[in-house]
Amino acid sequence: MIHLPMAPVSPEVAGLCDWARSAGDVLAAGPGDPAQDLRRRFAEAGKIGLTGLTVPEEYDGAGLSATSATAITEALGESVADAGFVFSLAAHLYACVAPIAEFGTAEQKSRWLPGLADGSLIGAFAVTEADAGSDIMSMRTSATQHDDGWHIAGTKSMITNAPVADVVLAVVRTGEG
């Protein structure tokens, strides 16, 4: 296994990494329905602050940089036996939460970020299409604006967290080019 060193982190983030390495038992998979168990695990991750690492503090998150959050996510991966859960959490944080926090409107941020931060909402990212893969220049799913909002036409596939997601950030075309 190749291990590439992370960028240096502050002593505070290093402490959070140590703490994340001890969180494995709390986030372990449980018996029963996998979708319900994933929701339980996200709720537990939310209670200990993991689902809101990149969410600004004004929306009840930790307000950490992507570098700091990545260091903590990597440390979590060292303690959680189910790497799929860490991947699911990373998709939530980096492909759904971070774009909303960075590019969302004030209304979108206030509507979605508190729940995404506390783990009561699970985020997903929809980009992949059957004929385009994840090549955004080749995708065909489109969105057109109407009086009642945006209408999306197309199909996405292989969406991490889709079966349980409450918020889906979809990459679509709104025009040519």
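Every value quoted in this text rests on a predicted model; they were computed, and no experiment measured them. (Residues numbered from 1 in each chain as written. Predicted model: local features only at pLDDT ≥ 70, side-chain atom pairs only at ≥ 80, totals over all residues. Heavy atoms only, no water.)

Some remarks on the overall build of the protein chain
Then, in step 1: The secondary structure content of the protein chain amounts to five helices and four strands.
Then, in step 2: Put simply, the protein chain runs from its N terminus to its C terminus through helices and strands in the order α-α-α-α-α-β-β-β-β.
Then, in step 3: The proportion of buried residues among the 177 residues of the protein chain is 38%.
Then, in step 4: Sequence-distant contacts, at least 24 apart, represent 68% of the contacts inside the protein chain between residues at least 6 apart.
Then, in step 5: Accessible surface, the protein chain: about 10,100 Å² in total, of which carbon and sulfur atoms supply 56%.
Then, in step 6: Charged side chains in the protein chain number 10 positive and 22 negative. The centres of these two groups are separated by 4 Å. (Helix = DSSP H or I, 4+ residues; strand = E, 2+ residues; numbered from the N terminus. Buried < 20%, exposed > 50% of the residue type's maximum accessible area, 1.4 Å probe, protein only. Contact = heavy atoms within 4.5 Å. Areas by Shrake-Rupley, 256 points an atom, 1.4 Å probe, with all protein chains shown as cover. Lys, Arg positive; Asp, Glu negative; His and termini not counted. Charge placed at Lys NZ, Arg CZ, Asp CG, Glu CD.)

Concerning the pattern of salt bridges
Opposite charge on two side chains makes pairing possible when the charged atoms of those side chains draw close.
Then, in step 1: The full count for this structure, using the stated rule, is seven salt bridges.
Then, in step 2: Its salt-bridge partner being Glu44, residue Lys47 comes within 3.3 Å of it at the nearest N-O pair. Separated by three residues within a single helix, Lys47 and Glu44 lie in helix α2 (residues 34-47), roughly one turn from each other.
Then, in step 3: Classification of Glu44 as partly exposed rests on a relative accessible area of 22%.
Then, in step 4: Where salt bridges share partners, they join Asp18, Arg21 and Glu78 into one cluster. (Salt bridge = Lys/Arg side-chain N within 4 Å of Asp/Glu carboxyl O.)

Some points on the confidence of the model for the protein chain
Then, in step 1: The predicted model of the protein chain averages 91 in pLDDT, with 95% of residues at 70 or higher.
Then, in step 2: The lowest-confidence element of the protein chain is helix α1 (residues 11-21), averaging 86 in pLDDT; the highest-confidence one is helix α5 (residues 106-118), averaging 98. (pLDDT = per-residue confidence, 0-100.)

Quick notes on the environment of Thr105
Then, in step 1: Structurally, Thr105 is set in the loop between α4 (83-103) and α5.
Then, in step 2: Considering only alpha carbons, one finds Thr105 and Glu176, 71 residues apart in sequence, at a separation of 23 Å.

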